[in-house]
Every structure is written in C-alpha cells, then in structure tokens.
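Summary of the model geometry
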Amino acid sequence: MSARDRLQRYLTDERGSCGSEALEQRLDELDALDAAVGGPDLESDVDLLSALSNETRYKIVRILHTANEELCVCEFAPLLDVSDSAISHALSQLTEAGLLTRRKDGKWRKYSVTNRATAVLIALDGSRSIDP
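The following refers to the structure shown.

Rules of the game
Residues numbered from 1 in each chain as written. Predicted model: local features only at pLDDT ≥ 70, side-chain atom pairs only at ≥ 80, totals over all residues. Heavy atoms only, no water. Helix = DSSP H or I, 4+ residues; strand = E, 2+ residues; numbered from the N terminus. Rg over C-alpha atoms; globule rule 2.2 N^0.38 Å. Buried < 20%, exposed > 50% of the residue type's maximum accessible area, 1.4 Å probe, protein only. Patch = residues over 30% accessible without salt bridge, like charges linked within 9 Å, V, L, I, M, F, W, Y side chains within 5 Å. Areas by Shrake-Rupley, 256 points an atom, 1.4 Å probe, with all protein chains shown as cover. Salt bridge = Lys/Arg side-chain N within 4 Å of Asp/Glu carboxyl O. Expected span 1.5 Å × (residues − 1). Contact = heavy atoms within 4.5 Å. Polar contact = N/O pair within 3.5 Å; in protein donor to acceptor, adjacent residues only side chain to side chain.

**Examining the overall build of the protein**
Summing up its helical and strand segments, the protein has 6 helices and 3 strands in all. Along the chain direction, N to C, the helices and strands of the protein fall in the order α-α-α-α-β-α-β-β-α. Relative to the compact-globule value of 14 Å for 132 residues, the protein shows a C-alpha radius of gyration of 22 Å, a clear excess of over 25%. C-alpha atoms of the protein, sized along the principal axes, occupy 70 × 35 × 25 Å. The buried share among the 132 residues of the protein stands at 23%.

Next up, the structure:
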C-alpha cells in the first residue's frame, strides 16, 4: 500500500469519507508542514545533535559549560578516559557543529562553549523536571 493510499484510508476513517479534493488538500498541508521544518536549520540542528550524541563530546561541552571559562586542550586529558587524539577529534567536531569556539593563545588552543551550546544544555536541564 502506498503512502498516498494509507493517507486516504486514514482520512476516510477519521472523516467518514475522503474524496480526491480532500486528499489533495491534506497533501498540500503536509507539504507546507515539511517545508516549514526542513531547510538549512534542520541540517544544522541534526549536526548539533549528532555532535552531542557521543559521551566524550557531550562531557566536554558539559565540562566547559560548568567551568564557565576557557579550558586548554591539555586540561581535558585528566578528565576524560580517552586518547589525546580522540579528545582532539571530539573538540574539532564540536567546534564544527557550532557548540564550541577555539582560540589560539601562543602555543596552546583554548576552548569555550557558544551561546547555542549553553541554550541546549539549559533546555536539557529544564526538561528533566517536566517528565517523571
């Protein structure tokens, strides 16, 4: 059964009948909904969520947020049970996703969270008290 057939069957069950005009109207409404949630923002959001979907990367963002200051790349090694190259890779991914900023200070690289990362963490913290 095609997606169109399933939709028509659903609309018939919900409304008692579903002619081709009602089906086309609903398809247009669904297309508008798809357009409203798609685009570059969707891709950016998925990149951000993907970057946070790894425990090491998520912990790095949490550490920087909690520290409320820049940390040097060398300061993560004692806090994370992963290799230096894994830390470096994680920091790059988080920076590319727009969750961290990086700045060079002499021979050291320092990282801090972006406003977007802070907003996501605040939203996550706030959501814990919503559901039991």
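Don't stop here, the text continues.
**Remarks on a nonpolar patch on the surface**
Side chains of Leu30, Leu33 and Val37 sit close together on the surface and give an oily, nonpolar patch of about 250 Å² of accessible area. On the basis of relative accessible area, leucine 33 is assigned to the exposed category, the value being 52%.

**Overview of unusual backbone geometry**
Of note in the backbone geometry, asparagine 68 takes a positive phi value of approximately 55 degrees without being a glycine. Among the secondary structure elements, asparagine 68 is positioned in the loop between α4 (55–67) and β1 (71–72). Owing to a relative accessible area of 69%, asparagine 68 belongs among the exposed residues under this scheme.

**Comments concerning α4**
Helix length check: α4, at 13 residues, gives a terminal C-alpha distance of 18 Å against a target of 18 Å (1.5 Å per residue), a fit within 8%. Looking at the buried positions of α4, the neighbouring elements they touch are α3 (40–52), β1, α5 (84–96), β2 (100–105), β3 (108–113) and α6 (115–127). The opening residue of α4, the one whose side-chain oxygen lies 2.9 Å from the backbone nitrogen of threonine 56, is asparagine 54.

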